[in-house]
Structures are given as C-alpha cells and as structure tokens.
Amino acid sequence: MSESSDDESTGILIALGMTVGLSLVWAFIIKDQAELMTWGALVMGGVTGLIAGSHSDHSQAVAVTCALATPLGTYLGTLLGLCLIAVAPFGGDFSDAWHLFADDTGQAAHLFKVEAQDRDWLFLFLSAPVGYGAAMLDD
C-alpha cells in the first residue's frame, strides 16, 4: 500500500471514530439540556473534518466520509439523547436508554420527526458541507 492510501485509510478511520465518539457525547449533552438540539451537528462536522482531513492530506474520500457520517452520527446521537431523557424519570441509566434505542429506534425517530423544527433539519443538512469543507481545508 502506498503512503497516500494509508493516510486516506487513517483519515477515514479517524472520521468514523470521531463521529461515533462525538455522537455519544452529543447524546449526553441533549440529556443534560433535556431538549432536542441539533446545532452540534455543525460543530461535529467542523471538528471531525479538520482533524480527519489533516491526518489524510485532505483526501476527497475522507471529506465525503465526513459529509456522510456527520449528519447521520448527529441524528443517531440525538435519538439516543431522547432515549436518555425518556428513561431518566424512571431512574434509568445508559444501558436502559440503549435498550430503548436499539429495540424501538422507530419510536425515537418518530418523536424526533414530531418535535424537530425547521432549524433542526437545517443544522443536520448543513453539517454535511461543513464536514466536507473542513476536511478539504489546507493548513
């Protein structure tokens, strides 16, 4: 394998790993705030794109990965945050919220669809070009 493809592979792994990690952090932020929020998608896209892009020599494949992973990661993190909010009054913890999330993702998605305002959808969709652009920025 060439060094360029190694850098690209590393960048993709960093983008996916950071998206998973930041999605979990976002779920707990939503739980602590006890409200639906999606502005973190823009932050997640920028941070993930900058770090993954700098480790991959600003590869377009990494930028596309950031553009796809960021909105999806924020959306799933938001759904998990809503599940954390739902189990909190009953003394539930992360494992209870995870079971609710895994067993009934459709209900959490329906709740998001009902509660989301236009700006929530806008933030999710704008996080894709933010992640892409941040990954393509030269140092």
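In the block above lies the structure referred to throughout.
Residues numbered from 1 in each chain as written. Predicted model: local features only at pLDDT ≥ 70, side-chain atom pairs only at ≥ 80, totals over all residues. Heavy atoms only, no water.

Draft legend 1. Expanded view of the overall build of the protein chain. Across its full length, the protein chain holds 6 helices and 0 strands. The secondary structure elements of the protein chain, listed N-terminal to C-terminal, are α-α-α-α-α-α. For the protein chain, whose C-alpha radius of gyration is 16 Å, the value lies close to the compact-globule estimate of 14 Å for 139 residues. In terms of overall dimensions, the protein chain has C-alpha extents of about 55 × 30 × 25 Å along its principal axes. Residue pairs in contact within the protein chain that sit at least 24 positions apart in sequence constitute 79% of those at least 6 positions apart. Here the protein chain has roughly 7,400 Å² of accessible surface; of this, 64% comes from carbon and sulfur atoms. (Helix = DSSP H or I, 4+ residues; strand = E, 2+ residues; numbered from the N terminus. Rg over C-alpha atoms; globule rule 2.2 N^0.38 Å. Contact = heavy atoms within 4.5 Å. Areas by Shrake-Rupley, 256 points an atom, 1.4 Å probe, with all protein chains shown as cover.)

Draft legend 2. Representation of the environment of Asp104 in the model. Tracing the sequence through the fold places Asp104 in the loop between helix 4 (94-103) and helix 5 (105-115). A relative accessible area of 33% means that Asp104 is categorised as partly exposed. Through-space distance from the C-alpha of Asp104 to that of Trp26 is 20 Å; in sequence the pair is 78 residues apart. (Buried < 20%, exposed > 50% of the residue type's maximum accessible area, 1.4 Å probe, protein only.)

Draft legend 3. Structural context of the side chain of Ser127. Mapped onto the secondary structure, Ser127 falls in helix 6 (residues 118-136). Once you skip the residues sitting within four places of it in the chain, Ser127 turns out to touch Ala41, Leu42, Gly45, Thr70 and Pro71.

Draft legend 4. Up close: the layout of surface pockets. Space inside the largest pocket adds up to approximately 230 Å³. If you go around the largest pocket, you meet 13 residues; those closest to its centre are Thr19, Val20, Ser23, Gly73 and Leu76. The set of elements that each furnish at least two residues to the lining of the largest pocket consists of helix 1 (3-33), helix 3 (60-87) and helix 4. With 6 residues, helix 3 is the largest single contributor of residues to the lining of the largest pocket. Taken together, the residues of the lining of the largest pocket break down into 9 nonpolar, 4 polar and no charged. (1 Å grid on protein atoms, 1.4 Å probe; cavity = no way out; pocket = protein on both sides within 12 Å on 5 of 7 lines; lining within 4 Å. Points joined across faces, edges and corners; volume = space filled by probe spheres on them. Nonpolar A, V, L, I, M, F, W, Y, C, P; charged D, E, K, R; others polar.)

Draft legend 5. Spatial organisation of the packing of aromatic side chains. The tally for this structure, following the rule as stated, stands at 7 aromatic pairs. With a centroid separation of 5.3 Å and an interplanar angle of 40°, the aromatic rings of Trp98 and Phe101 are classed as tilted. With Trp98 and Phe101 both in helix 4 and 3 residues apart, the pair spans about one turn of that helix. Taking the relative accessible area as the measure of exposure, Trp98 reaches 40% and is therefore partly exposed. Residue classification places Phe101 among the buried residues on the basis of a relative accessible area of 11%. (Phe/Tyr/Trp six-rings, centres within 6.5 Å; stacked < 30°, edge-to-face > 60°.)

Draft legend 6. Layout of the side chain of Ser56. As for its placement among the helices and strands, Ser56 is situated in the loop between helix 2 (40-55) and helix 3. When residues no more than four places from it in sequence are discounted, the contact partners of Ser56 are Asp7, Glu8, Gly11 and Val62.

Draft legend 7. Up close: a nonpolar patch on the surface. Judged by side-chain polarity, Trp39, Val43, Val47, Leu50, Ile51 and Leu137 come together as a nonpolar surface patch covering roughly 520 Å² of accessible area. We classify Leu50 as partly exposed; its relative accessible area is 46%. (Patch = residues over 30% accessible without salt bridge, like charges linked within 9 Å, V, L, I, M, F, W, Y side chains within 5 Å. Salt bridge = Lys/Arg side-chain N within 4 Å of Asp/Glu carboxyl O.)

Draft legend 8. Representation of the packing of helix 3 against helix 6. Relative to each other, helix 3 and helix 6 sit at 150°, their axes nearing to 8 Å. Judged by the inter-axis angle, helix 3 sits roughly antiparallel to helix 6. Crossing of helix 3 against helix 6: the hand is right-handed. Residues Gln60, Ala63, Val64, Cys66, Ala67, Thr70, Pro71, Thr74 and Tyr75 of helix 3 form the contact with helix 6, whose own contacting residues are Leu124, Ser127, Ala128, Gly131, Tyr132, Ala135 and Met136. Here the contact of helix 3 with helix 6 is composed, by residue class, of 11 nonpolar, 5 polar and no charged. (Axes fitted to C-alpha atoms, helices over the stretch in contact; angles between N-to-C directions. Parallel < 35°, antiparallel > 145°, perpendicular 65-115°, else oblique. Left-handed = near helix turned anticlockwise from the far one by under 90°.)

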